[in-house]
Amino acid sequence: MSFALIYLDAFWKQTRDNQDPSLLPIYQILKDARAVLSTPASYIYALAEIPYTTSDSVQDLAADRSALNAENKQLKATLLMQSLQVQRYAALKSENDRLRELLGSRKKLPGNAVIAEIFGAVPNPYTRQVFIDKGSDDGIVDGLGVVDAQGLFGQIVSVGKTSSRVLLVVDRDHAVPVRVNRTGTRLIAGGTGENTSLLLENVPISADIVVGDLVETSGFGGRFPDGYPLGVVSAISNGSGLTYAQVELRPSAQLNSSGHVLVIMSQRQNNNALIDGDNQSSRREIAAQ
Amino acid sequence: MNSGLSIVLTLSVLLSFVLAVARLPGETVTGLSYLRPQWILLILFFYCQQLPYRRGVFFVLLFGSSRHSDDQTTYRRGVIFIWFFGFFADVVLNEPFGLNGAIFASIAFFTWRFHQRHQMQSTVQQAMMVFLIVFLAEVFRAFVMHFVADQPWDILPLTTALSSAILWPFFSRLLLRLIGPGSN
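Predicted, not measured: the structure shown is a model, and the values here were computed from it. (Residues numbered from 1 in each chain as written. Chains lettered and ligands numbered in written order. Predicted model: local features only at pLDDT ≥ 70, side-chain atom pairs only at ≥ 80, totals over all residues.)

1. Here's the deal with the overall build of chain A
Helix and strand counts for chain A come out as six helices and twelve strands. Here chain A holds 289 residues, and the buried ones make up 34% of them. Expressed as a percentage of contacts within chain A between residues at least 6 apart in sequence, the contacts between residues at least 24 apart total 60%. (Helix = DSSP H or I, 4+ residues; strand = E, 2+ residues; numbered from the N terminus. Buried ≥ 20, exposed ≤ 12 C-beta atoms within 10 Å, placed from the backbone. Contact = placed C-beta atoms within 7 Å.)

See the structure below:
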């Protein structure tokens, strides 16, 4: 029984050519069961976070008034600067949409986003996943892109009622279609399993990439919105004997320290048309599209 | 089963899940996670060993009913229930359905089958048994995860088994004190 379940739950989507349609309802039941059980599971993660949330609260209580005033002033200044940028962004977005309509393009810049709090990480040294406090009740679906204040953070791979699981961009199973900002070269960036690095895959030795280049999402495949920074090129190795150049990125997102992230909602329609999946093969296929 | 014991049982099972997912400060995941003991397997092994006459121990957890029977039906129900209980662990630990059920049910079957022998063993012998059980369970988990998620082989089964075995004497003594005398 266990082996049959493991096969259905994990391998079934990967062997799409040999799928038996009669097994589809069972697979759907397993998927629904996982969604239902993920709500009580999220409470376990919330309990595990209590020491950190308590220490944050204690720090807030113990913070002295002058430090809070200084921080408040700084935040107000930052907010003012960012509201200016947001106003500019709104104007640019509408202008961009108009121009794209004129060009007959259906692609639009992403609009809605839901702010979510990270409340736990999957305790497995082989995978990089975190839990956020928004689920299907908030309109979250599988495959939505997640960003933090600095750049692309990951994607939703499992949705419960009130919580979801996010696969970080640095996970070994994660791949994202990207573009080098300076030259427009399109590539695939894969995770390494380390929180501090990503690798660009199959980069020709002669590619025009230098250390310090900004790499951003290309929007290909429809899973991630276009133009979000993914990372900065931190090392290049293209010595003799190598078939491809090895290009390493330092992720822009604060994967270790981000407390809040944004789930980009407007990709939903695109994702419904894509293969629904949280396994390596389907993600790689989507990335390669 | 008295209500005090039920509370300790429920809280200790809950705490084992919390400890199994608790992250260490500083980083999301650090190298120290290799030394994380298998709290859930330890708690399962302990209660299966110490409360063998209540084979529906997880029934008691859920329904509060007292089962003193030693018959095969209750025995089978206990194993089946623990197998289902593994589903929850699968979701918590983000593993394919059925994996933890197979591990839990195997450990419960083995421990109940030989509980009298286990109870006669010294603490060191029990710790060695814990090492063996956790190591085999983790090798099985690593084997499945290797095929399912392309997870690399490394020393994780060995390190978790070692830390679980080292922890066992303290863990069992503390829990024995909590569940009180006369429970076994």
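2. Focus: the pairing of strand β4 (residues 152-159) of chain A
All names here are of chain A. Across the eight residues of β4, eight count as buried, placing the element largely inside the fold. The antiparallel hairpin formed by strand β3 (residues 145-147) and β4 contains four residues in its connecting segment. As paired elements, β4 and strand β5 (residues 164-168) share five bridges and run antiparallel to each other. Across the sheet, the residue bridging to Ile156 is Val166, located in β5. (Pairing = 2+ DSSP bridges.)

3. A short note on the environment of A:Asp9
The topology assignment puts A:Asp9 in helix α1 (residues 2-11). When the C-alpha positions of A:Asp9 and A:Leu30 are compared, they lie 6.9 Å apart, and in sequence the two are 21 residues distant. What A:Asp9 contacts, discounting residues up to four positions off in sequence, is A:Leu30, B:Pro96, B:Phe97 and B:Gly98.

4. Comments concerning the sheet that holds strand β1 (residues 113-121) of chain A
Residues and elements named next belong to chain A. With respect to topology, six strands assemble into a closed barrel ordered β1-β2-β5-β4-β3-β12, the strand pairing being antiparallel. Pairs of neighbouring strands in the sheet enclose a mean axial angle of 45 degrees, with direction left out of account. Of the strands in this sheet, β1, β2 (129-132) and β4 touch helix α2 (residues 24-48), which is tilted by about 65 degrees from β1. (Axes fitted to C-alpha atoms, helices over the stretch in contact; angles between N-to-C directions.)

5. What to know about the interface of chain B and chain A
In this complex, chain B contributes 29 residues to the contact, which on the side of chain A involves 29 residues. Classifying every residue of the side of chain B that touches chain A gives 19 nonpolar, six polar and four charged. (Nonpolar A, V, L, I, M, F, W, Y, C, P; charged D, E, K, R; others polar.)

6. Remarks on helix α3 (residues 50-62) of chain A
Along its 13 residues, α3(A) runs 18 Å from first to last C-alpha, staying within 8% of the 18 Å computed at 1.5 Å per residue. Little of α3(A) sits inside the fold, with zero of its 13 residues counted as buried. (Expected span 1.5 Å × (residues − 1).)

7. A word on α2(A)
For α2(A), with 25 residues, the first-to-last C-alpha span of 35 Å sits near the 36 Å given by 1.5 Å per residue. Of all the bends found along α2(A), the most pronounced is centred on A:Ser38 and spans about 35 degrees, while A:Pro40, a proline, follows it within four residues. (Bend = angle between axes of the 7 residues up to and from the residue.)

8. Considering the sheet that holds strand β9 (residues 214-217) of chain A
One closed barrel accounts for six strands, arranged β6-β7-β8-β11-β10-β9 (chain A); its pairing is antiparallel. Shown here is a sheet whose adjacent strand axes are inclined to one another by a mean of 40 degrees, direction ignored.

9. Quick look at the pairing of strand β6 (residues 175-180) of chain A
Residue and element names in this part refer to chain A. Burial analysis of β6 places six of its six residues in the buried class, which makes it a mostly covered element. Taken together, the five bridges between β6 and strand β7 (residues 186-191) define a ladder with antiparallel strand orientation. For Ala175, the partnering residue across the bridge sits in β7 and is Gly190. From the end of β6 to the start of β7, which pair antiparallel, there are five residues, and Gly184 there has a positive phi angle of about 85 degrees. Alignment of β6 against β9, held across three bridges, turns out to be antiparallel. Bridge assignment links Val178 to a residue of β9, and that residue is Thr217.

10. Quick word on the packing of helix α2 (residues 39-50) of chain B against helix α7 (residues 123-149) of chain B
Residues and elements named next belong to chain B. Closest axis-to-axis distance for the α2/α7 pair is 11 Å, and the angle between their directions is 130 degrees. Taken together, the axes of α2 and α7 lie oblique to each other. Where α2 crosses over α7, the handedness of that crossing is right-handed. Contacts between α2 and α7 pair Leu41, Leu42 and Phe45 from the former with Val130, Ile133, Val134 and Ala137 from the latter. Residues belonging to the contact of α2 with α7 are distributed by class as follows: seven nonpolar, no polar and no charged. (Parallel < 35°, antiparallel > 145°, perpendicular 65-115°, else oblique. Left-handed = near helix turned anticlockwise from the far one by under 90°.)

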